[in-house]
Amino acid sequence: MTYYNEHSKVWLSVDCIIFGFDEGKLKILIGKRQMDPGRGEWSLYGGFVSSDESVDDAAARTLYELTGLRNLFMRQVGAFGSVDRDPGDRVVSIAYYALINVNDYDDDLRLSHGVKWVDINEIPQLYSDHNEMVNKARKMMQQKLAHEPVGFRLLPALFTLTQLQQLYEAVNGAELDKRNFRKRIKDMDFIEKTDLMDKTSSKRGAYLYRFNKRVYNEAPNFKL
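Here's what I pulled together on the structure shown here. If you're wondering where the values come from, they're calculated on a predicted model, not measured in any experiment.

**A word on the packing of helix H4 (residues 130-147) against helix H5 (residues 161-172)**
Here's step 1: Interaxial distance between H4 and H5 falls to 9 Å at its minimum, and their mutual angle equals 140°. By the angle between their axes, H4 is oblique relative to H5. Contact residues: Arg138, Met141, Gln142 and Leu145 in H4; Tyr168, Ala170, Val171 and Asn172 in H5.

**Some details on the nonpolar core**
Here's step 1: Grouped together as the largest cluster of nonpolar side chains are 41 residues, with contacts concentrated most on Ile17, Phe19, Ile28, Tyr97, Leu164 and Ile191.
Here's step 2: The set of elements that each furnish at least two residues to this core consists of strand E1 (11-22), strand E2 (25-32), strand E5 (73-80), strand E6 (91-99), H4, H5, helix H6 (178-186) and helix H7 (213-218).
Here's step 3: A total of 6 residues in this core trace back to one element, the largest contributor, which is H5.
Here's step 4: Aside from chain neighbours lying at most four places away, what touches isoleucine 28 is Ile17, Ile18, Phe19, Leu44, Lys116, Trp117, Val118, Ile120, Ile123 and Val134.

**Describing the environment of aspartate 89**
Here's step 1: Mapped onto the elements, aspartate 89 comes out in the loop between E5 and E6.
Here's step 2: On the basis of relative accessible area, aspartate 89 is assigned to the partly exposed category, the value being 42%.
Here's step 3: Along the chain, aspartate 89 and lysine 136 lie 47 residues apart, while their C-alpha atoms are 24 Å from each other.
Here's step 4: A polar contact of 3.1 Å, which involves the side chain of aspartate 89, links it to the side chain of tryptophan 11.

**What to know about unusual backbone geometry**
Here's step 1: With an omega of -5°, the peptide bond running from aspartate 36 to proline 37 counts as cis.
Here's step 2: You can see proline 37 is positioned in the loop between E2 and strand E3 (42-43).
Here's step 3: Non-glycine residue asparagine 71 carries a positive phi angle of around 55°.
Here's step 4: Relative to the elements of secondary structure, asparagine 71 occurs in the loop between helix H2 (55-67) and E5.
Here's step 5: Classification of asparagine 71 by relative accessible area gives exposed; the value is 77%.
Here's step 6: Its identity is not glycine, yet serine 128 carries a phi of approximately 50°, on the positive side.
Here's step 7: Of note, serine 128 is situated in the loop between strand E7 (115-119) and H4.

**Description of a nonpolar patch on the surface**
Here's step 1: Judged by side-chain polarity, Trp11, Met35 and Phe48 come together as a nonpolar surface patch covering roughly 320 Å² of accessible area.
Here's step 2: Here phenylalanine 48 is to be found in strand E4 (residues 45-48).

**Things to note about the packing of aromatic side chains**
Ring pairs (aromatic) are described by centroid distance and by the angle formed between their planes.
Here's step 1: With the rule as written, the count across this model stands at 10 aromatic pairs.
Here's step 2: Here phenylalanine 152 and phenylalanine 211 contribute two aromatic rings whose centre-to-centre distance is 4.5 Å and whose plane-to-plane angle is 10°, an arrangement assigned as stacked. Highlighted residues: phenylalanine 152 in the loop between H4 and H5 and phenylalanine 211 in strand E9 (residues 206-211), separated in sequence by 59 residues.
Here's step 3: Their ring planes at 80° and their centres at 5.9 Å tell us that phenylalanine 190 and phenylalanine 211 sit as a pair that is edge-to-face. One end of the pair, phenylalanine 190, is in the loop between H6 and strand E8 (191-198); the other, phenylalanine 211, is in strand E9, with 21 residues separating them in the sequence.
Here's step 4: Look at phenylalanine 190 and you get buried, because its relative accessible area is 5%.
Here's step 5: Assessed through its relative accessible area of 26%, phenylalanine 211 is described here as partly exposed.
Here's step 6: Chaining the aromatic ring pairs together yields one cluster made of Phe152, Phe159, Phe190, Phe211 and Tyr216.
Here's step 7: The ring of tyrosine 127 is capped by arginine 33, whose NZ or CZ atom sits 3.9 Å from the centre of that ring.
Here's step 8: Here the guanidinium or amino end of lysine 193 rests over the ring plane of tyrosine 207, the centre of that ring lying 4.1 Å away.

Parameters and conventions
- Residues numbered from 1 in each chain as written.
- Predicted model: local features only at pLDDT ≥ 70, side-chain atom pairs only at ≥ 80, totals over all residues.
- Heavy atoms only, no water.
- Axes fitted to C-alpha atoms, helices over the stretch in contact; angles between N-to-C directions.
- Helix = DSSP H or I, 4+ residues; strand = E, 2+ residues; numbered from the N terminus.
- Parallel < 35°, antiparallel > 145°, perpendicular 65-115°, else oblique.
- Contact = heavy atoms within 4.5 Å.
- Core = buried A, V, L, I, M, F, W, Y, C linked by side-chain atoms within 4.5 Å.
- Buried < 20%, exposed > 50% of the residue type's maximum accessible area, 1.4 Å probe, protein only.
- Polar contact = N/O pair within 3.5 Å; in protein donor to acceptor, adjacent residues only side chain to side chain.
- Patch = residues over 30% accessible without salt bridge, like charges linked within 9 Å, V, L, I, M, F, W, Y side chains within 5 Å.
- Areas by Shrake-Rupley, 256 points an atom, 1.4 Å probe, with all protein chains shown as cover.
- Salt bridge = Lys/Arg side-chain N within 4 Å of Asp/Glu carboxyl O.
- Phe/Tyr/Trp six-rings, centres within 6.5 Å; stacked < 30°, edge-to-face > 60°.
- Lys NZ or Arg CZ within 6 Å of the ring centre and 35° of its normal.

Below you can see the structure in the form of structure tokens.
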């Protein structure tokens, strides 16, 4: 124990970048800090790691406390440990990003936590290094989306091709050629066309599609 007593203690926390997709926009959940230091500043949602839980468990717990949802898609972004990142004390934070379907999130629960969805392109200055966390998480998600169909976690079970294209454009921050995009989608057996129509945007309507996880798992070679 003498060896441990010779070194200063460091606090360990988790911060969660929660992505959602709504009205053709990629969004994240942020709120005003309810504690010092930084009270009243825009911030990601997070918390300290308990002595009896792993960092992954702490992140999953934090996400559940905020959203009421379990088994979310969650990936570690990395450690953020600049000496002066938290004016309160020496705190190292492990950042995670998660993907949720906005419609699955109980809006009353969101309001009770005092958080709101903000367009990824309109994020204000956040507390400490949280903007850096968001930027790194977005880059990681862009890389992930290019090789795995994780974007379906942001969409409803049934979606139009327009919604799917808007999702990819929102994540990558660039427009895609409609013809080329749909040609690529047509070659992907795990994106199934249904007989159902969405008529909310036009009288003619648009066919609804769904993601077939079983087909994807049997033929996982994917790149968009």
